[in-house]
Amino acid sequence: MRSRYSAFALGGLGHYLLDTWERESRPALSARALDDTDCRWEGLEIIATQTEATRGVVEFKAYHRPRLAPGAPLDVLHERSRFRRRAGVWRYLDGVIDPPAAAVARNAPCPCGSGKKAKRCCHA
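Residues numbered from 1 in each chain as written. Predicted model: local features only at pLDDT ≥ 70, side-chain atom pairs only at ≥ 80, totals over all residues. Heavy atoms only, no water.

**Q** Tell me about the overall build of the protein chain, and name the residues and values.
**A** A count of helical and extended segments in the protein chain gives 3 helices and 4 strands. Put simply, the protein chain runs from its N terminus to its C terminus through helices and strands in the order α-α-α-β-β-β-β. Along the first, second and third principal axes, the C-alpha set of the protein chain runs to 50 × 45 × 20 Å. Counting only residues that meet the buried cut, the protein chain has 25% of its 124 residues in that class. Excluding contacts between residues fewer than 6 apart, the proportion of contacts in the protein chain whose partners are at least 24 apart in sequence is 33%. (Helix = DSSP H or I, 4+ residues; strand = E, 2+ residues; numbered from the N terminus. Buried < 20%, exposed > 50% of the residue type's maximum accessible area, 1.4 Å probe, protein only. Contact = heavy atoms within 4.5 Å.)

Here it is as structure tokens:
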């Protein structure tokens, strides 16, 4: 996931993005089209990860500004991405933009970071 973000942020790595995209879900874009962006990526925040032997999910927020307006306020791309692992290589499968909040079990730690159980904190 981080390597794909870096490829977008650095630019000129459209071939890498296509190579790390699962063939069945890859859009009909060229590497050049992926390189041509009108935004400047400013940061990546990993919110949550879940991995199994051959599948993974990464929820993240990627911050960006318009390339031609460096003083513009930051915008955010919030996505929950699915990945598949084949022959030891993780490939991007698909993602949900602005995903709904993940359900929190009552006895799980509260996502606010208080250290309390969810049922005794924000989800009471």
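**Q** Which residues make up the sheet that holds strand β2 (residues 55-66), and what values do they have?
**A** Pairing is antiparallel in the open sheet, where 4 strands are placed in the order β1-β2-β3-β4. The open sheet terminates on both sides in strands that have one partner only, identified here as β1 (39-51) and β4 (89-97). On average, each strand axis in the sheet is tilted by 30 degrees relative to the strand beside it, whichever way the strands run. Pairing between β1 and β2: 11 bridges, direction antiparallel. The partner of Gly43 across the bridge, within β2, is Tyr63. (Pairing = 2+ DSSP bridges. Axes fitted to C-alpha atoms, helices over the stretch in contact; angles between N-to-C directions.)

**Q** I'd like a rundown of the nonpolar core, residues and numbers included.
**A** Formed by Tyr5, Ala7, Leu17, Leu18, Trp21, Ala31, Leu34, Val58, Phe60, Ala62, Phe83 and Tyr92, the largest nonpolar core amounts to 12 residues. Looking at this core, the elements that each hand over two or more residues are α1 (2-10), α2 (14-19), α3 (31-35) and β2. Of the residues forming this core, the biggest block, 3 residues, is contributed by β2. (Core = buried A, V, L, I, M, F, W, Y, C linked by side-chain atoms within 4.5 Å.)

**Q** Break down α1 for me, citing the residues and quoting the values.
**A** Among all positions in α1, only Arg4, Tyr5 and Ala7 are buried. Along the axis of α1, the buried positions cluster into a sector of 155 degrees, meaning they face one direction only. Structural note: α1 exposes Arg2 and Leu10 on the side pointing more than 90 degrees away from its buried face. Taken together, the buried residues of α1 touch α2, β1, β2, β3 (75-86) and β4. Gly11 sits one or two residues past α1 and shows a positive phi near 75 degrees. (Arc of directions from axis to C-beta.)

In short, geometric facts, not functional conclusions.
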